[in-house]
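Below are the chains, spelled out letter by letter.
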Amino acid sequence: MNPKSVIERRIRTAERGLLDLSHRIHAHPELAFQEIRASDWVAQQLSEAGFEVQHGCYGLPTAVRATVGSGPLHIAICAEYDALPEIGHACGHNVIAAAAVGAGLGLAGLADDLGMKITVLGTPAEEGGGGKVLMLERGAFDGLDAAMMVHPAAVEMAAMPGSAVSMFDVSYRGTPAHAGAYPERGVNAADAMTVAQVAIGLMRQQTTTADRIQGIVTEAGSAANIIPSASRGRWIVRSDTLEALAPLTARVQRCFEAGALATGCELSIAPTGPDYADMRPDPGLLALYRANAEALGRTFPDLPGGAAVGAATDMGNVSHAVPAIHPMLGLDCAPSVNHQPEFTAACVTPAADRAVLDGAIAMAWTAADLAATSPCVWRVGDDG
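The residue numbering used here restarts from 1 in each chain and proceeds along that chain's sequence as written. Given that this is a predicted model, residues contribute local features only at a pLDDT of at least 70 and side-chain atom pairs are listed and counted only at 80 or more, while totals for whole chains, interfaces and linings are drawn from all residues. Here the side-chain values reflect all heavy atoms present in the structure, with hydrogen atoms and water set aside.

### Description of the sheet that holds strand S8 (residues 212-219)
Okay, so step 1: What makes two strands pair is DSSP finding at least two bridges between them. For the purposes of this entry, the term helix denotes a DSSP run of H or I that reaches at least four residues, the term strand denotes a run of E that reaches at least two, and both are numbered from the N terminus. Strand order in the open sheet formed by four strands is S8-S9-S7-S10, with antiparallel pairing between adjacent strands. The open sheet is flanked by S8 and strand S10 (266-271), the only strands paired with a single partner. Pairs of neighbouring strands in the sheet enclose a mean axial angle of 20°, with direction left out of account.
Okay, so step 2: By the bridge criterion, seven bridges tie S8 to strand S9 (residues 230-239) in an arrangement that is antiparallel. Simply put, an axis is a line fit to the C-alpha atoms, just over the touching stretch for a helix, and the angle between two N-to-C directions goes from 0 to 180 degrees.

As structure tokens, then:
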């Protein structure tokens, strides 16, 4: 029998459990590195399907590694399950997790026959913390021939144009004083943050269209009649590539140094996680996935000028080390887009449920295509 028919039948047979997994994760959002229930549900479902499961691996309590098969072709399918503060699963990681589990279930009974080893990796903290980067550094992706995942979005995209990202916290320390009686005795930490923000705003006209600089102030004083002695903020810098990101980040951090210099405050800058690399999808692997997604009836509209410019993922770091893809599954929910409350709602609709099943089948079919194709053909992609 055609292995793709077997794969599809296995996934559709598991439909109720996969959609229940997606909806449960959505209903119980957990932040980065706190995905206790989600990671447990993923591990449990894979264990029941015959996978050899490690839960709490690579020094990360919510990381999962589930493996089946012993063939020479080793493929990883990545699951994400962390949510965003306040707006829950507004990036649809519930769909990602369920689709990854579904792809694993579809391949589980065929892995040895196809000459494959399948590993489903539960990767925490994509929204901040870089779980995949930590797992990459600790050997989770060693020896792989390919890695893949899918991600929901407003529209279908074969390849997400992922940027490189640096994330860090900024804090200033000044001196408190009575703002009315003795203001001259104070060193104003809120002013230091304001100077830095103004400098960054002026700097933006000398950045490229692909550059993004974002931040929030999380503390800037507690009473209007006290000179603020502390201010804090969280910042993100994005650019096309890691090579372009480094000098841009240095320029931004000099703006914070200007705030300290102007006010006399002490400055501290601390990374909140590893840098995310730009996403470099493998062209050969991407072509196989797209053909399989189209065979399921999914269509890829032309998006002039690209889409999701400035979005980022720690899958980018994986793509620099292993042939990888990160296609986007359209939920037909425009104008709602990722990281909006409306997108949270879209991630448990019938369109999202279809995306779980289509994503699982398309990834599993792509793995089967790899098994039927010489590695020397698909790994070189369009470069020959």
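Next, the rest of the story.
### Structural notes on the packing of aromatic side chains
Okay, so step 1: Note on aromatic contacts: the rings of Phe and Tyr and the six-membered ring of Trp form a pair at centre separations within 6.5 Å, being stacked when their planes are under 30 degrees apart, edge-to-face when over 60 apart, and tilted otherwise. Tallied over the entire structure, the rule returns two aromatic pairs.
Okay, so step 2: Measuring from ring centre to ring centre gives 6.3 Å for phenylalanine 168 and phenylalanine 256, while their planes differ by 90°; the resulting arrangement is edge-to-face. Residue phenylalanine 168 is located in strand S7 (residues 164-173), and its partner phenylalanine 256 is located in helix H8 (residues 242-263); the two are separated by 88 residues in the primary sequence. Here phenylalanine 168 matches phenylalanine 256 in class, with each residue buried.
Okay, so step 3: Relative to phenylalanine 256, the ring of tryptophan 235 lies with its centre 5.3 Å away and its plane at 75°, an arrangement referred to as edge-to-face. Here phenylalanine 256 lies in helix H8 and tryptophan 235 lies in strand S9, a separation of 21 residues in the sequence. There is no split in this pair, since tryptophan 235 and phenylalanine 256 are both buried.
Okay, so step 4: These aromatic residues form a ring-pair network of at least three members: Phe168, Trp235 and Phe256.
Okay, so step 5: Definition used: whenever NZ (Lys) or CZ (Arg) falls within 6 Å of the ring centre and also within 35 degrees of the ring normal, the charge is taken to sit over that ring. A cation sits over an aromatic face here: arginine 24 above tryptophan 41, 4.8 Å from the ring centre.
Okay, so step 6: Sitting over the face of the ring of tyrosine 182, arginine 185 holds its NZ or CZ atom 4.6 Å from the ring centroid. Summary of the burial criterion: residues with accessible area below 20% of their type's maximum are buried, those above 50% are exposed, and those between are partly exposed, where the area comes from a 1.4 Å probe applied to protein chains only.

### Examining the nonpolar core
Okay, so step 1: Residues grouped as a nonpolar core are buried Ala, Val, Leu, Ile, Met, Phe, Trp, Tyr and Cys residues, joined through side-chain atoms within 4.5 Å. Judged by nonpolar contacts, the single largest core of 68 residues is most densely connected at Ile118 and Tyr289.
Okay, so step 2: Here the element with the most residues in this core is helix H12 (residues 350-371); it accounts for 13 residues.
Okay, so step 3: Residues within four places of tyrosine 289 in sequence aside, it is in contact with Val150, Phe300, Ile325, Pro327, Leu329, Ala362, Met363 and Thr366. Only heavy atoms enter the contact rule, under which two residues are in contact if any of them lie within 4.5 Å.

### Section: the environment of valine 95
Okay, so step 1: You can see valine 95 is positioned in helix H4 (residues 93-108).
Okay, so step 2: Classification of valine 95 by relative accessible area gives buried; the value is 1%.
Okay, so step 3: Considering only alpha carbons, one finds valine 95 and leucine 357, 262 residues apart in sequence, at a separation of 9.3 Å.
Okay, so step 4: Filtering out sequence-adjacent residues up to four positions away, valine 95 remains in contact with Ser22, Pro152, Cys347, Ala352, Ala355 and Val356.

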